[in-house]
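If you want the building blocks of each chain, they are given just below.
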Amino acid sequence: MQSLSATRIAFIGGGNMAQALMTGLQQRAFNMQNITVVDPDTAKHPHLQTTLGINTSASLTAESLAVDIIVLAVKPQQLQSVAQALAPLLQSQLVVSVAAGIRTADLGRWLNGYQTMVRTMPNTPAQIQAGITGAYAMPAVSATQRELADAVLQAAGEVVWLDDEVQLDAVTAISGSGPAYVFLMIEALTAAGVELGLSEAQSLKLSLATFKGASLLAAGSSTPIATLREQVTSKGGTTEQGLLSMRQHDIHGMMQDAAAQAARRAKELGDQLGAQA
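I will try to describe carefully the structure that is included in this document. (Residues numbered from 1 in each chain as written. Predicted model: local features only at pLDDT ≥ 70, side-chain atom pairs only at ≥ 80, totals over all residues. Heavy atoms only, no water.)

This part covers the overall build of the chain. From N to C terminus, the chain includes 11 helices and 8 strands. Overall, the chain is about 70 × 40 × 35 Å in size when its C-alpha atoms are taken along their principal axes. Every one of the 277 residues in the chain was classed for burial, and the buried ones make up 41%. Taken as a whole, the chain presents about 14800 Å² of accessible surface, with 57% of it coming from carbon and sulfur. Across the chain, the mean location of the 16 positive side-chain charges is 1 Å away from that of the 21 negative side-chain charges. (Helix = DSSP H or I, 4+ residues; strand = E, 2+ residues; numbered from the N terminus. Buried < 20%, exposed > 50% of the residue type's maximum accessible area, 1.4 Å probe, protein only. Areas by Shrake-Rupley, 256 points an atom, 1.4 Å probe, with all protein chains shown as cover. Lys, Arg positive; Asp, Glu negative; His and termini not counted. Charge placed at Lys NZ, Arg CZ, Asp CG, Glu CD.)

On the surface, Val182, Phe183, Met185 and Met255 cluster together into a nonpolar patch covering about 330 Å² of accessible area. In terms of residue count, helix 7 (residues 178–195) provides more of the nonpolar patch than any other element does, 3 residues in total. Here Met255 shows up in helix 11 (residues 251–274). Overall, Met255 belongs to the partly exposed group, its relative accessible area being 34%. (Patch = residues over 30% accessible without salt bridge, like charges linked within 9 Å, V, L, I, M, F, W, Y side chains within 5 Å. Salt bridge = Lys/Arg side-chain N within 4 Å of Asp/Glu carboxyl O.)

Attention shifts here to the side chain of Thr120. Within the secondary structure layout, Thr120 lies in strand 6 (residues 117–121). In this structure Thr120 comes out as buried when scored by relative accessible area, which is 1%. Within the structure, the side chain of Thr120 is placed 2.9 Å from the backbone oxygen of Ser97, a separation counted as a polar contact. Not counting residues up to four positions away in its chain, the partners in contact with Thr120 are Val96, Ser97, Val98, Thr133, Gly134, Ala135 and Leu153. (Polar contact = N/O pair within 3.5 Å; in protein donor to acceptor, adjacent residues only side chain to side chain. Contact = heavy atoms within 4.5 Å.)

This part takes up empty space enclosed by the protein. Applying the stated criterion across every chain yields a total of 1 cavity of 30 Å³ or more. When its volume is computed, the largest cavity comes out at roughly 30 Å³. Lining the largest cavity we find Met17, Leu21, Val98, Thr120, Pro122, Thr133, Leu153 and Ala156. Within the lining of the largest cavity, the residues separate by chemical class into 6 nonpolar, 2 polar and no charged. (1 Å grid on protein atoms, 1.4 Å probe; cavity = no way out; pocket = protein on both sides within 12 Å on 5 of 7 lines; lining within 4 Å. Points joined across faces, edges and corners; volume = space filled by probe spheres on them. Nonpolar A, V, L, I, M, F, W, Y, C, P; charged D, E, K, R; others polar.)

Roughly 600 Å³ of internal volume is contained in the second largest pocket. Together, 28 residues line the second largest pocket, and Ala73, Val74, Lys75, Pro76 and Gln78 are the ones closest to its centre. It is helix 1 (residues 16–27) that provides the largest number of residues to the lining of the second largest pocket, a total of 3 residues. Looking at the lining of the second largest pocket, its residues break down into 16 nonpolar, 8 polar and 4 charged.

Turning next to the pairing of strand 5 (residues 94–97). Both faces of strand 5 are covered, namely the face carrying Leu94 and Val96 and the face carrying Val95 and Ser97. Judged from the 4 bridges that link them, strand 4 (residues 69–72) and strand 5 form a sheet pairing that is parallel. Across the sheet, Ile69 pairs through a bridge with Leu94, a residue of strand 5. Running through helix 3 (residues 79–86), the crossover from strand 4 to the neighbouring parallel element strand 5 is right-handed. Of the strand pairs in this sheet, strand 5 and strand 6 are connected by 3 bridges, and their pairing is parallel. Along strand 6, the bridge assignment pairs Val95 with Met117. In terms of handedness, the path from strand 5 via helix 4 (residues 104–110) over to strand 6 forms a crossover that is right-handed. (Pairing = 2+ DSSP bridges. Right-handed = clockwise from strand over helix to strand, strands pointing away.)

Time to look at unusual backbone geometry. A positive phi angle, close to 65 degrees, is found at Ala29, a residue other than glycine. Examined against the element boundaries, Ala29 turns out to sit in the loop between helix 1 and strand 2 (35–38). Positive phi values are uncommon outside glycine, yet Asn112 reaches one of about 60 degrees. On the secondary structure map, Asn112 appears in the loop between helix 4 and strand 6. The exposure class assigned to Asn112 is exposed, which follows from its relative accessible area of 65%.

This structure, assessed with the given rule, holds 8 salt bridges. With a closest N to O distance of 2.7 Å, Arg103 and Asp271 form a salt bridge. Taken together, the positions of Arg103 in the loop between strand 5 and helix 4 and Asp271 in helix 11 put the pair 168 residues apart, joining distant regions of the chain. Asp271 gets classed as partly exposed once you look at its relative accessible area, which sits at 36%. A salt bridge links Glu165 to Arg119; the nearest nitrogen and oxygen atoms lie 2.9 Å apart.

See below:
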């Protein structure tokens, strides 16, 4: 297998997700001179060059795309025009899309039938290299290319590979949208603490540490999540009363409905974005 350190990468778009991946690669001692960011916003270039030590280009050229991997990191609404400009310059590069909602069938159509693609769904904790990305590789992607894509994506956190592209709608609903659900619960728990007499600063600190600690405990333990919950829940105790209230408000049903609605919307957006000629 080709080593990651020798891999040449072009990021089309130098926004938050591209910078998250590049920062993670930098922290892993990747040779940053093997990275080129192609972005028409030249005002970004000096900052990217200085902080990350990468090369920049204002336009798509054969030279800037003489790479192993092309990461499409533009907004979904921009992807069709970018893909159409990219298509004549493709040879055998692996194309990795981090643009939400765009299906490989539609991206492939815009790329004049190109099939060597990986579609991904990252999430915002990638900005601190604590994200998780759902990824689907088309059949034309070789085992070596998939391993390289995995290594690049792991620079921003964990990776879950999917056998069916349709599962990316569920990934969008769970981990893509999931940080917002967690932020909402932190907001709610913080507000509850204030109602009980804590200052906002005290309640926020307690809430953040609780979510962080519980997540780390669950991630680092082989004990089932339900068992961890039971271990905190003494019969007749305070936690039991709190959980009883949450069950009475059907917390499971609320979460399932939220995820179902997010997945439905992900499918709708894919239909709308892919309907472009």
